[in-house]
Structure formats: structure tokens, C-alpha cells
Amino acid sequence: MTIPIKIFLKNITGGRNTSNFTWWLGKGVQGLYQGPAITENVDISKDNCTYMKLNPLHLITSDCNQRRGFLCTHNLWSSSNTKKTMASSHAARSRLKRDSTDMGSYVRNIVALLQAADKELLRMETTEGEPTAKSRDNFIRYLLGGTKALTPQFAIQNSNIISHIINCSTAINILSVRKCDIQTNPNPTNLFEDIFEIFRTISLLLGRANGTQQFIIRYPSGTIYQNSSKPAEISNVVLGSEKDGTFIRLPSYSALQSQLGEYSAIISQMSTFLVNPHPSDNISGIVCSLILSDGVSDIKLANLTEMIEIYLPQPNASTPLNTTVVLEKDTKAITIFEVSDPNVTIFFSVMPSANVSLVLVLSKGSPNGSYSGRRTTNTTLTQIGDYRYMITPEMLQQTPGVWYVNITLNSTWKPGLTLIITSFMSKCLYWNKDRETWSTDGCKVGEKSTPEQTQCLCNHLTLFGSSFFVMPNKVDLSRTAELFATVSQNYVVLALLCAFFGLYLVTLLWACYADRRSHSKRKVTLLEDNHPGAGYNYLISVHTGHRKNSGTTANVTVKLTGIEGESNTHNLTDPDKPVFERGAVDMFLLATPFPLGEVRNIRLQHDNSGGHPSWYINKVTVQDLQTRHVWHFLCDCWLSADHGDGMTKKTFNAAKNNEIASFRNIFHTRTSTGFRDEHIWVSIVDPPSRSPFTRAQRVSCCMSLLLCTMAINIAFWNLPADPASPVVFGIGSLQITWQELMVGIESGLLMFPINILIITIFRSIKPRITSRSLKSDSEDNLKPRAVTTPAILKDTEEVISLVSRSARNKMSEIPRLESTADLFPALDRVHEFIQLMQGESESDPHWVHCSKFLLAGLCHLMMCLEKLDEKNFPSTQEYQQALNTTNLLVRKAEMVFTSHLAYCPPPVRKKKKSGGCWLPWWCVFLGWFLLLSISIVSTYFTLLYGFEYGKEKSIKWVMSLGLSLFQSIFILQPLKVICLAVFFALLLKPVAVEESEEIEQVLLAQQHKCSLYSGRHTL
């Protein structure tokens, strides 16, 4: 053994017990170039292969069907034992560029031909885009030509040459099947037949050299059984191996004489193929072919009076299901099965517990034979063996759908009579060369078919295959009353369902209460300290963290700072709901007189009041509702005197794009929202605050999912284990077989589509927003105050102070207005600002909103002055002067506002990105209907299966159900959430900002406040 292999074995076995480690040993490309086993005059036996065992190191020969590891070496040289052609130099690579046309000159020299074939195979394997159709076809044609040029004596004396030919044939097949462009450049359908002709030619050469002797040729993908005899000697002859289960029995000579009598000798070639050369979903198991020839040309057999019997094993077939039925006196048993392919043959085995006579009647549509409003012909099944019955395609009348088999007693009933019903389906097909498809013409399933082996009866020769289906686990619905009557003896499943329904009702009551509380917290808050005349709106979303005691009872304030100005300090409060609770998302509408530009930072502060003032702030988003631009502020810190850095006032800068799209931020956000929304079980406790998918709906969906899981789990739980099912995946002693994998896939296909549909309906329903009375709300928020001189002075001072917060307005703050004498200088400042706006030649949103705000403030001042008694002024002349000045300023401000608005209309809001298709609100009834329907059906079948299984099996099933639920809740659902979070984080796709229909209503409320404040409905 070479040094590299020893090092490899030392590395992979280091630190482990290697006493039981074994490896198959092979040569070539993954062991596919092994030579065939050629045996003369011997019975068929299993191949022997060599494997290696460590501690101590030694080689052992045993049955090849054992499961071991593989240890192979892959060298880039010829598959023969002749001179190795290494592709290690430029010169060598240049010589390899020759194509298969070089083989044409060596057709008469088999040794040179095989050397050229090795080089051509190496060229194809190491050249991109090979093999092409031309090089592949030339390779096969020249190799077949060289094989046909051999003599029988040369073939029998040079087994190494024959092995080399088979190796080359196998290699070109592998390269053709595994080429990179197989999807865009598929192989021709007759590729298998062309390559197989080489194997047949070799078999004929060996047969001629040995007279009538039987030959068995094994190659990597199958076996050829050949026999030469006179026509009369092939009567009822068996070709193949009865021991292996794949063989063909020819009919009697009287049925063959008319088509074979003229020949002096017949060469029979029966071939088996481990892999279907023409893949199809309808074919399972081993495929075989039968070809008769006279040594020169093939003999065609068709329309025989007696059938050729073909026996094909089904090594991976699942064990058929057994259903035990108790047959009471004067009753009948009904078996229901679904037929999707009317060309299948169905076998029934009805084994009674006593020696009785049974009558089986086949009907379509219903047990009494009524189908689609018409009567169908009922067929009485004939027994073909020991209580075995066969339903042929003719009996199915080429009609798919639901069929019934009524089993009644035709003899004296005996107490305790039980029936064990077993069923399976099978179908025989052949390869139609003309249509290049699998067909059933001239072939049918024989009575001797079993679940492990299919008997096909055909009246012609070709490539044969069979399919096998396991009947689904059916339950007799006609025994519903009988099974439900056993509840006193088997109450396990019923008790479990009652416990689940009781828990569901309790949880549902809590969910409805929690939904009612959450609905009251759903509103978007219009800040009470917004100035009524302010018309530029920002939506602030504050996300409180999920840490323990994250919520706060303190009074929180916020201030926005942009590149064009800053807002007032606003109190984030809502008189109708608590704010800043743990895990909450609170939304506030903040209005400013003018756009702040790009928001650079926000300042959050609280007064450390209440019983739990400490506040953990997760993040804040600020959205400009005019332009839809969003700024993110990633806080993730405490505002607390007791936690963190002990600060209750902090300024946060807007996050940059790379911070928002960072893997950490997206993964954290997606994971948090995923567990609260996507994990159907966890989301019941703490769903997203603004999701239309309520807790009550989530609880009901969980119950429906639980009932579906129970029904499907109990339906597949009693499946017998298939010992022949291959292991798909294994870790140590844990192994997952193909049967278990298919059961899981079928369970998922049955359970998840309807439940996902229900959940999607609830998630996608557009919430019903109940419109509030804007008039009453606004009047409550803006109660009319008594018109006094201090109130007028304060309002005027506030308007000027707000305008001065933008550097573009070039207005400094004025001292506090103490008396009416201070009103006139303030109005002069306002007049100067109006002249400044008049002088601006270019209009933009800033001047539009500033002029609108100023106009609203002056209109409000005008209304107040008109209501104020002139006695509040030192003289009537001053009062009249204030009225005239204010009226003049109103007209000028209106002109400025109209001018700027004409040249700079309000920006068109960016269209919302659709978050999916919203369903109308009434679809909630459709979701509840589907949910209740699937829950009722699942409960019914769960009880039916539970009563049929009996008490002991039901207890075992309950234990396995618990493991299944644990796996779903604590493993599969969290894995789904984490995988989705990683997927979106890798795509750098942040969570979208939540949109809300309620924002429109809050904007209307702010506009109504402005109308009441200014006395103008147009503002």
C-alpha cells in the first residue's frame, strides 16, 4: 500500500476505535472501470469483492452487497493494464487533442483501437464540452466495428481484450450521461441501445466459441444471460436466475413454432439492468430485456398465442399495509381506494380468522355502484388463490377515481370473525422504440405477482419494466358507529383531544382579552403640543426593548434637529393609552412649521418620574410623511439613572446606510420579528403590536395545525417498517430511511398547504379602520380659550419664536411681549419676514410651509382681535391700528403663500411600496370557515384511527406524538426563523418601515386643528 494512502488512513482514524472500520478497494474512476466477471457453465452467484480492515491491516474477500466505506484512487491514465499515458506535459496534452476519427484507422487492429480509445476517453474527460455528439457517435461506431471484426476464437482466448472493450463501452456511457451540458444538449434516446449492441456482440462471440454452452457476463450496470439451442429445445425454457428473482420463462414450442421453426439455431440473450436506461417515474426496480437471434440478425416475436412470463423483483418495495376488520353478524366490510392510473392491477388479500366463504364486489363511485347519477356495473371478484383477488384494468373500465370493494359473508357467520385485508398495486410496461416511451400494450400483470416480485405477461419481445405502489392506509368509514361505540374501552385519544380543546378554550379567552387591550394601544398618537398651524408632518416610531423592565413610567420628550432647522421639544404622551411598555412600538405624529431638511439627530429625555422610570430604548425611526424618506436611529441603550451610564438625556445621530444594512442589525431585527410573528407558537404570547393577525387567530391556527398533525401522524404511525428501504442519512445509530423520508414529505404535503393558506389569509386581511369624528376630537384637543390680551401676546410670540428656529428665515427671537404696546414691534418683525419671503425669487417647500404657517397664525390673531374688547387697548385708535395692521399682513401673507404655492406645488408623495396583496376585511370569515372545517375533519379522523388502533397502540402513538410536537415547536420552527433571518441578512435586506392606514386619519385630524385655529377651511 502506498505511503499517501497510509497517511490518509492515519489522519481519518486518528483518536478513534478503528477495529470495526472497513473499506472496499477499487481502481479507476470511482470504481466504475472494474472488469467484468466471465463465468462458463456455472450457476449464477453473487460477486465477491475485496475489502480492507485495519488493526491489523489485512485484505478480505466477501459478498459485494455488504455496506462499507470506499477507498478508491483516481489517476489520470488509461483504464487498461497497458502503458500508462500521463497528461503531465505540454507535449502530451497536445497529442490528446486528436478526436475519435483516429480510431477509424484501427478498426481491424483491436489492440491499437483500444489504445486509441483510451486516449480518446482521456481527451473527452479532460476537455471542456466533451463528449460532443459527433465524437461520442464515432467512438461507439468504431468500437462496435472493431468488436464485430473479432473472431470467436480470439475472443475466448483474450479475456483481457474483452474486458477492455467492456470498460471502454461503460466509460463512454458514463461520460455521456454525466456531461456538464446534459440539460441543454441531451443524449439521444437510442444511446443505450447503441452501446448495448457492443455487449451483445461480445456475448455472441463467446457463444459461438462454446457451442451450446450457457454464458453469464456480468458488467458494472447489469448482467447478460446467453443460451444457444435448437428451436424445439427452448420450449418453456427459463432464462436468467430464479435465485436472484429476475428471469424469463418462454412459452411452449407450439406457440413459438410458427415464428421460430424455420431457424436451425436460436441464440437467446436475456439482460438485466440495475439502472433504468430510459428513466421514468412509472418504473421501479430492475429492468430486463429479451432478444432472440439466429446469429446474424434479430428475430422478432409478436402476437404470440401464449404469453412470455417475465419475473421482475422489487427490492425497494414497501411492505403492504394490513388492516384488521371485525366482521359482525349481518354486516359487510367496505374497502375504499383511490385509482389515479386506470392501467394498474390491484391485488387484494382478505384473510379471515376462520374458514368461511367470502364474496367481494367491486363498484365505482359509491358502495352500491351509483356513480355521477348513473348506475355502474358491479363486478364480482374471482378468487385467484388463498383468499387472493385481482382487479384488472378491464374491471376498472379505464375510469380513475374512488372505487369500493364490498366484502360480505357467503357462509355461516362465526363469533369473533376478523378479516386481515392487504392490498398493493402493480403495472407492467415495455419500451416502445417507435414512440420512445414506456407502454402497456401487449403486457399485463400476472396472477403470481407479489409485493416483492412482479409477474408480467407479454406477447412480444422488448425491454420490460414494472412499477409497484403501496395502497395508502385506509380506514373504513362505514364502521364509524361501530368504532365510536368502543370509546369506553379505548378513551386515550378522546381524552387527549378533550384536554387539547379545553386548553384551547382557556387560551382563546385569554387571547381575546389580550387582543382587546392591544387594539386600544394600536392608535397613532397626534401629539397634543403640536402647534395647530404647523403643516409639515413627521411620523416618529419608538421601539422599546424586550429586556426585563424595559418600559418606563417617566415623561419622555423628543426634539428633532435637521440641517435646515429644529423642532420644539415635544412631550411623547397619549391620554388614551399607556406608552413605552416593554416590547411596544409607539407611533407619534409630530408637526413642524417648515421642513427640517435631512434629520441629523434626535434628543430623547425623560424626567425620571414614576415607579419604574428606567427605559431601554431599542431604536427610533423618523419618517418624513411628505417625501417618505426615513431616518433610522439605532439606540440600544438605557435612559436611566440606575442602569447603563446613568444618563436620562441622550442625543442620537442618524444611522448610516452601511449601519442599517449591516449583517448584525438585519439579523437581530429579523430574528426578533421572526420569533414574534413567524414562529406560530411563540407569537401567541407577544405578536407584533401592529399586525392584523390577532392572538385569537394565532391560537386557533395553532389548534388547527395541532389537529392536522395528530390526524396525519396517526394515519402514518402504524406503517410497518420496510427492511429493504435504503438509508438516506445516518449519524451514528440514528438513521433515516427512504420510507421515513417519504412519509415526512407526504405528511408535509397533506398538512402544510391548507394551514399556510389559512395563516396567509389572516396575515393579509386589510384591517378595518373605524373612522373617528374629526370634529369632536379636534374640538376636544383645541378647546376655545377666553380671548385675553396675554393670550394674544403669547400666541403671537409663539408664532415668531417657531419661525425663528430656521436660519433661512433670518429672524431672531424677540423678547417677551408684556403689553399691547409690544404687539406693534412684533407685527413689524412679521412684516419684515413677509417682505423677505416676497423677495425670494425661487420657491421651494420651505417657503410654502413657512408662508402657510404664518398665514394661519395671522388669521388666528385677526379672529382673536375681532373678539377682543377694545378696552384692552390704551385707546380705540391703537385697537383699530392693530386690526388694520393685522388685516394688511393677512392679505400680504396670503399673496406670498399663493405665489410660492403656484411656483412650488406640494411634493407628490412617493407611492407606498406594496407589502403584498391585501385581502378585503370580509375574507376573515373565509379564514375561519377553512380553519373550522379542517379542524373538524382532522378531529374526526383522529378519533376514527384511535378507536381502530385500540388502547395499547393509542398510548404508544400519544408518546410518539409528543416527540413530534416537541420537534416542531422547539426545533423546526426556530430553525425556520433563524434560517430566514440569515438569508435576509446575507441579502442585506432591512426590515421595511411599517405603514399604517391610521396615519391618514391622524393627518386629517391635524389639518382640522389648523382649520379651527385659523378659521379657514382651505388651510
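Placed above this text is the structure.
Reference entry: report on the structure contained in this document.

### Comments concerning the sheet that holds strand S28 (residues 525-526)
Pairing is mixed in the open sheet, where 5 strands are placed in the order S28-S33-S29-S35-S36. Looking at the sheet topology across the chains shown, the edges are occupied by S28 and strand S36 (630-639). Looking at chain direction, S28 and strand S33 (residues 585-592) are connected through 2 bridges and run parallel. Bridging across to S33, Thr 525 finds its partner in Phe 588.

### Describing the pattern of salt bridges
Counted according to the given criterion, the structure contains 15 salt bridges. A salt bridge links Glu 120 to Arg 123; its shortest N-O distance comes to 2.8 Å. Note that Glu 120 and Arg 123 are positioned in helix H3 (residues 110-126) at a spacing of 3 residues, about one turn of the helix. Summarising the burial analysis for this pair, Glu 120 and Arg 123 share the class buried. A salt bridge links Asp 645 to Lys 650, with the shortest nitrogen-to-oxygen separation between them at 3.0 Å. Relative accessible area serves as the criterion here: at 48%, Asp 645 is assigned to the partly exposed category. The class for Lys 650 is buried, based on a relative accessible area of 14%. One connected set of salt bridges, linked through shared partners, spans Glu 120, Arg 123 and Glu 130.

### Quick notes on the environment of Cys 637
Relative to the helices and strands, Cys 637 resides in strand S36. Residues Cys 637 and Ile 617, 20 residues apart in the sequence, show an inter-C-alpha distance of 5.8 Å. Setting aside residues no more than four positions away along its own chain, Cys 637 makes contact with Trp 615, Tyr 616, Ile 617, Lys 650 and Phe 652.

### What about the pairing of strand S6 (residues 215-219)?
Of all 5 residues that make up S6, 5 are buried, and the element is covered over most of its length. Here S6 runs beside strand S7 (residues 222-229); their pairing, made up of 5 bridges, is antiparallel. Paired with Ile 217 across the bridge in S7 is Ile 224. Here S6 folds back onto S7, and the loop between the two strands holds 2 residues.

### Section: the side chain of His 531
Inspection of the secondary structure puts His 531 in the loop between S28 and strand S29 (536-544). Polar contacts involving the side chain of His 531 include one to the main-chain amide nitrogen of Gly 533, which spans 3.0 Å. Beyond its immediate chain neighbours, meaning those up to four positions away, His 531 contacts Glu 798, Val 799, Leu 802, Phe 853, Gln 1006 and Tyr 1013.

### Considering unusual backbone geometry
Cis rather than trans, the peptide bond between Glu 130 and Pro 131 has omega equal to -5 degrees. Positive phi values are uncommon outside glycine, yet Arg 628 reaches one of about 65 degrees. If you trace the backbone, Arg 628 turns up in the loop between strand S35 (615-624) and S36. With phi around 50 degrees, Lys 810 is a residue other than glycine that occupies positive phi space. Relative to the elements of secondary structure, Lys 810 occurs in the loop between helix H17 (789-803) and helix H18 (823-839). We classify Lys 810 as exposed; its relative accessible area is 70%.

### Considerations on the packing of aromatic side chains
To describe a pair of aromatic rings, one takes the distance between the centres and the angle between the planes. By the definition in use, this model includes 16 aromatic pairs. Judged by centre distance (5.3 Å) and plane angle (70 degrees), the ring pair of Tyr 616 and Trp 638 falls under edge-to-face. Placement of the pair is Tyr 616 in strand S35 and Trp 638 in strand S36, with a sequence separation of 22 residues. Of the two residues, Tyr 616 and Trp 638, both sit in the buried class. Ring centres of Phe 693 and Phe 762 lie 6.0 Å apart, and the angle between their planes is 15 degrees; on these two criteria the pair is classed as stacked. Taken as a pair, Phe 693 in the loop between helix H13 (663-678) and helix H14 (695-717) and Phe 762 in helix H15 (residues 738-764) lie far apart in primary sequence, 69 residues in all. This pair shows no difference in class: Phe 693 is buried, exactly as Phe 762 is. Of the aromatic side chains, those joined through ring pairs into one cluster are Phe 192, Phe 196, Phe 199 and Phe 273. Across the ring face of Tyr 142, the terminal group of Arg 141 is positioned such that the distance to the ring centre comes to 4.8 Å.

Parameters and conventions
Residues numbered from 1 in each chain as written. Predicted model: local features only at pLDDT ≥ 70, side-chain atom pairs only at ≥ 80, totals over all residues. Heavy atoms only, no water. Pairing = 2+ DSSP bridges. Helix = DSSP H or I, 4+ residues; strand = E, 2+ residues; numbered from the N terminus. Salt bridge = Lys/Arg side-chain N within 4 Å of Asp/Glu carboxyl O. Buried < 20%, exposed > 50% of the residue type's maximum accessible area, 1.4 Å probe, protein only. Contact = heavy atoms within 4.5 Å. Polar contact = N/O pair within 3.5 Å; in protein donor to acceptor, adjacent residues only side chain to side chain. Phe/Tyr/Trp six-rings, centres within 6.5 Å; stacked < 30°, edge-to-face > 60°. Lys NZ or Arg CZ within 6 Å of the ring centre and 35° of its normal.

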